[in-house]
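# Topology and contacts: notes
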Amino acid sequence: MAQAAGYTFNADTVDGTTVRDLAGYFLHGTIVGSAALVAGRYGNGLNCTGGAMHVLVRPPKAGDDFYPLNTDGGLSVAAWVQLNNSTAAPRCIASATSDGTLNWAVYASNATGNVEARIAGATYSTSTSIRDGLQHHVLVVYDATPSTDTVKIAVDGVQVLSVNAGATMTYSDTEVTMEAGRNTLTGTEALDGIVDDLRWWNDPVEAAYWPTLVAAEQIDHQLAVYPFDHDTAEDFGSYGRDLAVAPSASFATGLYGNALVSGAAAAGATGAVNFPDCDRLAICGWLRLDTAPIGTPAPILAINDTLGSARARVVVNTARTVTATWTTIDDGTVSVTSTATLTVGQWTRFQFAINPTYVQVRLEADNATVNIGDGVPHVTPAIDGLDQLYVGGDATAGGGVSYDYLTFTKNFLAEVTSGYWSGAPVVTPYRPANVARGVYHFNENAGTVVDDKSPSGNDLTLTAAGSWVTGVQGSALGSNGTGPGASRTGFTWPASPPGWALSAWVKCRASSSGARFLVLRNGGGEVAHAGYLDGLFWVRLFGASGTTGIISSTRGPIAAETWTHVAASCDQKAIQFFLNGKMFTVEAYSVGALLQPNELNVGGDNPDSSVADVDDLRLFDTPISAANVRWLHQNPGQYYDPAPATFAAWGVPL
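Residues numbered from 1 in each chain as written. Predicted model: local features only at pLDDT ≥ 70, side-chain atom pairs only at ≥ 80, totals over all residues. Heavy atoms only, no water.

### A few points about the layout of surface pockets
How we decide: A 1.4 Å probe that fits into a set of points on a 1 Å grid over the protein atoms alone but cannot get out defines a cavity; an open set with protein on both sides within 12 Å along at least five of seven lines defines a pocket, and lining residues are those with an atom within 4 Å of a point. Grid points are joined across faces, edges and corners, and a volume is the space filled by probe spheres set on the points. Only DSSP runs of H or I covering at least 4 residues are called helices, and only runs of E covering at least 2 are called strands; the numbering of each starts at the N terminus. Polar here means any residue outside two lists: the nonpolar Ala, Val, Leu, Ile, Met, Phe, Trp, Tyr, Cys and Pro, and the charged Asp, Glu, Lys and Arg; Gly therefore counts as polar.
The calculated volume of the largest pocket comes to roughly 580 Å³. Taken together, 24 residues line the largest pocket, and the ones lying closest to its centre are A11, L37, N44, M583 and A626. Looking at the lining of the largest pocket, the elements that each hand over two or more residues are strand 2 (14–15), strand 5 (36–39), strand 48 (574–579), strand 49 (582–588) and helix 3 (626–634). Residue contributions to the lining of the largest pocket peak at three residues, all from helix 3. Split into classes, the residues belonging to the lining of the largest pocket amount to 11 nonpolar, eight polar and five charged.

Written out as structure tokens, the structure is:
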């Protein structure tokens with residue numbers, strides 16, 4: 001049971017109109033029409049009244065196998081649905097078309113809202129209605145594995161239909177369009193309601209797994225992505241599983257930006273990753289053998305448990321074949337060796353994978369597998385204890401190899417999709433993609449200069465009120481006296497900025513009833529400031545025609561003498577406010593073009609008394625998204641990418 005695509009609609013998976021695919025195939029969706037985010041089953045859902053989510057699955061590149069469109073095993077579609085009960089029009093929950101043909105669709109049809117499926121031109125209707133204004137879980141399963149194909153429909157985990165299939169399901173082309181909220185061929189069959197937790201499989205979901213679908217929201221299958229650009233082993237995924245680079249490692253030009261080079265002395269990078277227990281795990285990327293092993297196999301990748309025992313270990317043999325060994329939960333240790341060999345100095349696409357049926361090593365077109373146990377698949381995890389990752393070696397030695405775009409996906413890829421196999425995977429940059437005007441980690445912990453990590457070079461200087469204190473990550477700017485803790489004149493900032501945003505950790509003084517911990521000025525006049533007012537987070541912006549006034553909310557309290565993450569973002573139409581990564585209010589902004597600052601004060605104002613210690617301050621001249629804020633809250637002190645254009649080089653979205 002391999003999931004082809006999965007979508008939730010919460011802040012950590014939606015960036016603007018892009019909805020990230022959680023299943024690991026990078027089949028990202030686009031919100032179109034007037035579809036909007038509203039309260040759903042789990043956090044946000046997608047209100048499809050007048051709009052939909054559009055997903056385009058493009059043909060594979062030459063030599064690729066395109067797994068998301070494989071229907072040999074069948075098809076399954078599931079979602080939580082809440083209908084508006086004001087209309088009796090046909091309501092299409094989700095559908096897929098290829099070459100102008102409706103391949104499958106899931107409906108809440110007719111005036112009663114009965115659940116229905118159309119698969120390969122055949123219609124399967126139930127007498128079960130979901131038109132009561134409540135949330136219902138809908139699951140359609142087309143099973144092509146028995147001698148006679150079957151179709152099953154379940155509502156809220158209970159089977160309400162099981163019949164023989166009236167037609168065989170195949171896609172009529174290699175390019176498929178999937179939409180949530182309407183029939184992709186006709187907008188008249190649109191959903192008048194909310195979709196949440198949408199999942200799509202290209203094989204049948206076993207009945208034993210149905211309660212799991214109903215009981216909990218799907219999880220993110222993309223565990224980590226290491227592009228090794230900018231001479232770091234930073235995780236560009238969503239969980240911040242960064243690795244430490246070994247002193248013996250280096251970086252060189254790879255296929256996409258830089259690559260990690262690991263010598264024979266040690267693994268090139270290692271770190272505690274604490275991957276979840278997996279029923280499937282795919283490790284994909286690009287590998288180059290720099291030095292052929294002599295005498296004994298050389299380790300090139302390993303994952304150990306907390307006691308140092310190997311859970312996964314990959315080696316290059318003296319014959320330059322590759323062997324992957326997995327220690328499974330139920331079936332002990334199992335190994336698989338490639339029949340293909342690596343060529344010294346040549347980049348090779350690879351996949352090391354495990355699922356409940358077999359383990360796999362794939363090098364380019366060569367695909368070697370070994371069965372696990374009796375070969376009967378199961379839902380329980382096949383591998384656990386994935387705690388410590390070693391890239392380019394193991395705990396004791398290195399393998400003389402280089403890696404580029406190493407990815408870990410908690411969803412076994414029976415065949416590698418083009419997102420993994422033909423280039424660097426496309427990853428939505430949840431770190432702010434715009435260039436910051438100030439990035440201050442405050443980790444100097446000595447001297448009077450605060451280094452600006454952004455391209456703007458807006459370094460700050462500590463004042464008499466400033467000091468170094470323990471922060472959220474490393475040291476922080478202490479501010480306790482008259483005036484700010486640090487400041488700068490001659491600030492670099494463009495005229496007529498398209499927006500404004502800040503993100504910071506603050507520890508506000510208990511005695512502060514109404515003072516500012518961040519102030520931007522121009523010629524003495526204020527441009528923007530953020531502060532602490534009667535226990536609340538507040539912001540004031542000044543545009544060409546005046547000031548917004550003080551914007552605050554009773555939903556934004558800041559506890560005194562406690563580190564709190566604050567953020568605000570303005571697109572010149574509205575200001576979004578965040579506390580600890582979560583948006584708590586949106587206020588209108590209508591005072592014209594934002595002004596250009598040339599002075600910055602942090603920790604207090606000039607000459608007002610200091611009001612807060614500050615850590616990990618980021619300033620932007622454009623708005624940032626809720627997903628950006630969530631990432632900044634979760635990753636204090638993370639490396640800042642000064643050249644966001646490199647994101648465009650990661651590949652072309654599917």
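### Details of the sheet that holds strand 21 (residues 244–245)
Stated precisely, the cut-off is as follows: Pairing between two strands requires that DSSP report at least two bridges joining them.
Ordered in space as 21-24-33-26-27-28-29, the seven strands form an open sheet in which the pairing is antiparallel. Each end of this open sheet is capped by a strand with a single partner; those strands are strand 21 and strand 29 (333–337). Relative to strand 27 (residues 310–316), strand 26 (residues 298–304) runs antiparallel, the two being bridged by six bridges. By the bridge assignment, P299 is partnered in strand 27 with V315.

### Let's talk about the sheet that holds strand 3 (residues 18–19)
Read from one edge to the other, the open sheet built from nine strands follows the order 2-3-4-7-16-9-10-11-12, with strand pairing classed as antiparallel. The sheet is open, and its two edges are formed by strand 2 and strand 12 (122–129), each paired on a single side. Of the pairings in the sheet, the one linking strand 11 (residues 114–119) to strand 12 comprises five bridges and is antiparallel in character. Bridge pairing links R118 to T123 in strand 12.

### A word on the pattern of salt bridges
Which entries qualify depends on this criterion: For this document, the term salt bridge refers to a Lys or Arg side-chain nitrogen within 4 Å of an Asp or Glu carboxyl oxygen. Accessibility here uses a 1.4 Å probe with only protein chains present; expressed as a share of the type maximum, an area under 20% marks a residue as buried, one over 50% as exposed, and anything in between as partly exposed.
Applying the stated rule across the entire model yields 17 salt bridges. Between R516 and D605 there is a salt bridge, with its nearest N and O atoms 3.4 Å apart. Linking R516 in strand 42 (residues 514–522) with D605 in the loop between strand 50 (599–602) and strand 51 (612–620), this pair joins segments that are 89 residues apart in sequence. Neither R516 nor D605 differs from the other in exposure class; each is buried. Here D616 makes a salt bridge to R618, at a shortest N to O gap of 3.0 Å. A network of salt bridges, in which partner residues are shared, links R516, R521, E526 and D605.

### Describing the side chain of R199
The condition is simple: Under the rule applied, a polar contact is a pair of N or O atoms within 3.5 Å (in protein, one hydrogen donor and one hydrogen acceptor; residues adjacent in sequence only if both atoms are side-chain atoms). Residue contacts follow a heavy-atom distance rule, with two residues in contact if any of their heavy atoms lie within 4.5 Å.
Looking at the secondary structure, you find R199 in strand 19 (residues 193–201). Its relative accessible area of 4% is what places R199 among the buried residues. A distance of 2.9 Å separates polar atoms of two side chains, one belonging to R199 and the other to D197. Only 2.9 Å separates the side chain of R199 from the backbone oxygen of A216, close enough to count as a polar contact. Sequence-distant contacts of R199, that is, excluding residues within four places in its chain, are made with Q3, A5, G6, S76, V77, A78, Y209, L213, A216, E217 and Q218.

### Quick word on the pairing of strand 9 (residues 91–98)
Each regular strand displays side chains that alternate between the two surfaces of the sheet. Counting buried residues along strand 9, eight of its eight residues qualify, which places the element largely inside the surrounding structure. The hairpin turn running from strand 9 into strand 10 (residues 101–109), its antiparallel successor, is two residues long, and D99 in that turn takes a positive phi close to 55°.

### Some thoughts on the pairing of strand 30 (residues 347–354)
The buried fraction of strand 30 is high, at eight of eight residues. Residues W347, R349, Q351 and A353 point to one face of strand 30 and T348, F350, F352 and I354 to the other, with burial holding for every one of them. Pairing of strand 25 (residues 281–289) with strand 30, which is carried by eight bridges, proceeds in the antiparallel orientation. Paired with L287 across the two strands is T348, which belongs to strand 30. Bridging between strand 30 and strand 31 (residues 358–363) involves five bridges; their strand directions are antiparallel. Opposite Q351, over in strand 31, you have R362 as the bridge partner. A loop of three residues connects strand 30 with strand 31, the two strands running antiparallel in sequence.

### Quick notes on the packing of aromatic side chains
Applicable threshold: Aromatic pairs are defined between Phe, Tyr and Trp rings, using the six-membered ring for Trp, whenever the two ring centres lie within 6.5 Å; interplanar angles under 30 degrees are classed as stacked, those over 60 as edge-to-face, and all others as tilted. Note on criteria: charge over ring means Lys NZ or Arg CZ within 6 Å of the ring centre, with the direction from the centre no more than 35 degrees off the ring normal.
With the rule as written, the count across this model stands at 12 aromatic pairs. Pairing F491 with W493 gives two aromatic rings, centres 5.6 Å apart and planes at 25°, and the pair type is stacked. The exposure class assigned to F491 is buried, which follows from its relative accessible area of 6%. The exposure class of W493 is buried, given its relative accessible area of 5%. Grouped by ring-pair contacts, the aromatic residues Y226, F228, F275 and F408 constitute a single cluster. Seen from the ring of Y42, R41 lies directly overhead, with NZ or CZ sitting 6.0 Å from the centre. Just above the ring of W80 sits the side chain of R41; from NZ or CZ to the centre is 3.9 Å.

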